[in-house]
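# Structural features, examined
Chain by chain, the residues run as shown.
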Amino acid sequence: MPPTAIHPVASVLIMLGMLSVLIIAHELGHLWVARRCGVRVERFGFGLPMGPTLWSKKIGDIEYCLHLALFGGYVAFPDDNPDSPIPPDSPQRFENRPLPQRFAIAIAGIAVNAILAWLIMIFVAMMWGLPAPHAPVAIKEVVSAHMPAAQAGLRPGDVITAVDGKPLSTRRYDGSYFVTETIRAHAQKPLTFSILRGGKNPPVTLTITPNEKGLIGIRMEGGGSQRYLNPLAAAGESLAFLGDITVRNFAGLGKIFSGKGNWDDVAGPVGIVKAGGEAIQYTGLQTGFLLMAIISAMLAVMNLLPIPALDGGHILFQAIEAVKGSPVSKKIQTGFTQAGFFLLAGLMVLLLGHDLYKIAQGKSDFRREPPPATQTAPVGAAASKSPAAVPSGSAPAPAPSKPSSGASKQ
């Protein structure tokens with residue numbers, strides 16, 4: 001049993017619960033603002049309405065539903081139900097509300113996820129700490145005498161101060177990530193490392209040529225964490241850390257979809273829960289809260305993307321309406337939104353299959369090759385989305401890598 005003494009099943013359930021909170025909070029944001037704007041909500045669903053409904057109950061004028069496909073959620077308005085008793089011209093319909101109110105409803109879930117991410121990160125910063133900014137990257141282990149690092153003379157305990165002439169002191173949080181990405185980008189190309197050995201200046205300069213896989217044979221560790229007991233300092237540092245990690249995740253996601261990344265780094269819904277559960281089991285609840293905050297921030301940003309069936313798609317239609325002075329045809333909106341929904345559903349099925357394949361191949365074991373605590377590498381997406389024509393739901397969520405107390409292998 002790992003030091004945290006969290007049972008494997010319990011850790012997975014904790015991670016699943018954390019993701020569920022993010023989805024439910026997103027949808028509650030839409031629900032609350034819609035009700036405040038006078039829009040009737042007919043149904044509040046947790047899970048995708050693509051399979052069996054496990055539970056439903058009408059409370060007041062809202063039917064609450066729990067679906068088997070848990071990775072999603074939705075808020076349904078009379079606009080989505082052709083059999084709704086609400087008249088077509090009723091102000092209780094979403095489409096009949098003024099543009100500013102429709103925009104507020106569409107962006108409410110995004111705002112909730114963004115705020116929640118920040119608050120959770122502040123909690124983590126004050127309770128356990130965040131990766132120390134501008135921390136050095138040390139060599140924990142040289143894994144093989146036959147790898148480029150050992151052959152070039154790199155030793156355990158060496159501290160990397162610069163790679164390819166770029167000082168790590170300029171990298172606020174992502175020192176080990178930067179080293180890893182630079183090495184991968186220079187497969188079979190000479191790369192210079194500035195190394196501080198034994199704490200003595202000046203640094204030693206080594207030239208190392210990564211192998212054909214973009215590896216040199218080292219395990220790295222970051223410079224630990226730093227707690228922020230001052231709430232204002234925690235708030236500022238949490239915002240900076242979230243911004244840094246979100247930009248890095250999207251950059252990595254772009255590399256994957258452009259063919260420059262590694263699809264083995266992609267995780268879908270099952271992969272996110274499994275990896276997160278293993279991270280909680282082996283490093284504690286603080287890792288679960290860290291992942292929860294990062295995923296919440298990614299949900300917020302991805303929902304802003306102008307993709308039909310996501311909140312950003314509805315916001316795009318509203319922006320067009322604001323410019324042209326009249327709404328986009330309902331037929332066009334419905335067509336694009338349904339196409340987007342089926343695209344996201346197909347992506348979820350693809351990622352689910354990829355998750356199961358990786359598990360069967362033993363490629364997703366957290367204990368096998370834990371990344372560093374200071375590194376959150378970009379991976380793929382878990383699709384979770386509401387039905388067509390509903391300005392709500394959770395966008396595909398890139399799963400950050402599994403932060404660990406161990407070292408990263410490169």
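Here, every reference points to the structure presented above.
Time to look at the overall build of the chain. For the chain, the helix and strand inventory stands at nine helices and eleven strands. Taken across its 410 residues, the chain has 49% of its residues classed as buried. For the chain, long-range pairs separated by at least 24 residues make up 73% of all intrachain contacts whose partners lie at least 6 apart in sequence. For the chain, the accessible surface area stands at approximately 18,200 Å², while carbon and sulfur atoms represent 63% of it.

So, on to the side chain of Ser296. Within the secondary structure, Ser296 sits in helix H7 (residues 285-303). Take Ser296: its relative accessible area is 0%, and that puts it in the buried class. The contacts of Ser296, once residues within four sequence positions are left out, are Leu22, Asn113, Leu116 and Ala117.

Applying the stated rule across the entire model yields seven aromatic pairs. Aromatic side chains Phe123 and Phe289 sit 5.3 Å apart centroid to centroid with 75° between the ring planes, which places their arrangement in the edge-to-face category. Remark: Phe289 occurs in helix H7 and Phe123 occurs in helix H2 (residues 99-127); sequence separation between them is 166 residues. Overall, the relative accessible area of 37% leaves Phe123 in the partly exposed class. Residue classification places Phe289 among the partly exposed residues on the basis of a relative accessible area of 22%. Judged by centre distance (5.1 Å) and plane angle (80°), the rings of Tyr173 and Phe241 are edge-to-face.

This paragraph deals with the packing of helix H1 (residues 8-36) against H7. The relative placement of two packed helices comes down to the angle between their axes together with the axis-to-axis distance. Running from N to C, H1 and H7 cross one another at 30°; their axes reach a closest spacing of 10 Å. With respect to H7, the element H1 is oriented roughly parallel. Of the two elements, H1 crosses H7, and the hand of that crossing is right-handed. Residue-level contacts link Ile14, Met15, Met18, Leu19, Val21, Leu22 and His26 of H1 to Leu285, Gly288, Phe289, Leu291, Met292, Ile295, Ser296, Leu299 and Asn303 of H7. Taken together, the residues that form the contact of H1 with H7 break down as twelve nonpolar, four polar and no charged.

Time to look at the environment of Gly335. By the secondary structure assignment, Gly335 is in helix H9 (residues 330-361). Sequence-wise, Gly335 and Pro308 are 27 residues apart; in three dimensions their C-alpha atoms are separated by 9.1 Å.

Here we take up the pattern of salt bridges. Throughout the structure, instances matching the rule amount to eleven salt bridges. Arg43 is the partner of Glu63 in a salt bridge, and the nearest nitrogen-oxygen pair spans 3.4 Å. Of this pair, Glu63 sits in strand S2 (residues 62-76) while Arg43 sits in strand S1 (residues 43-59), and the two are 20 residues apart along the sequence. What makes Arg43 partly exposed here is its relative accessible area of 29%. A salt bridge links Arg184 to Glu181, with the nearest nitrogen and oxygen atoms 3.6 Å apart. Here Arg184 and its partner Glu181 are both found in helix H4 (residues 175-185), three residues apart, which amounts to about one turn of the helix. Overlapping salt bridges, with partners in common, bring together Arg171, Asp174, Asp244 and Arg248 in one network.

Moving on to a nonpolar patch on the surface. A surface patch of nonpolar side chains, about 330 Å² in accessible area, is lined by Leu54, Trp55 and Leu68. Examined against the element boundaries, Leu68 turns out to sit in strand S2.

Here is what the cut-offs are and how they apply
- Residues numbered from 1 in each chain as written.
- Predicted model: local features only at pLDDT ≥ 70, side-chain atom pairs only at ≥ 80, totals over all residues.
- Heavy atoms only, no water.
- Helix = DSSP H or I, 4+ residues; strand = E, 2+ residues; numbered from the N terminus.
- Buried < 20%, exposed > 50% of the residue type's maximum accessible area, 1.4 Å probe, protein only.
- Contact = heavy atoms within 4.5 Å.
- Areas by Shrake-Rupley, 256 points an atom, 1.4 Å probe, with all protein chains shown as cover.
- Phe/Tyr/Trp six-rings, centres within 6.5 Å; stacked < 30°, edge-to-face > 60°.
- Axes fitted to C-alpha atoms, helices over the stretch in contact; angles between N-to-C directions.
- Parallel < 35°, antiparallel > 145°, perpendicular 65-115°, else oblique.
- Left-handed = near helix turned anticlockwise from the far one by under 90°.
- Nonpolar A, V, L, I, M, F, W, Y, C, P; charged D, E, K, R; others polar.
- Salt bridge = Lys/Arg side-chain N within 4 Å of Asp/Glu carboxyl O.
- Patch = residues over 30% accessible without salt bridge, like charges linked within 9 Å, V, L, I, M, F, W, Y side chains within 5 Å.

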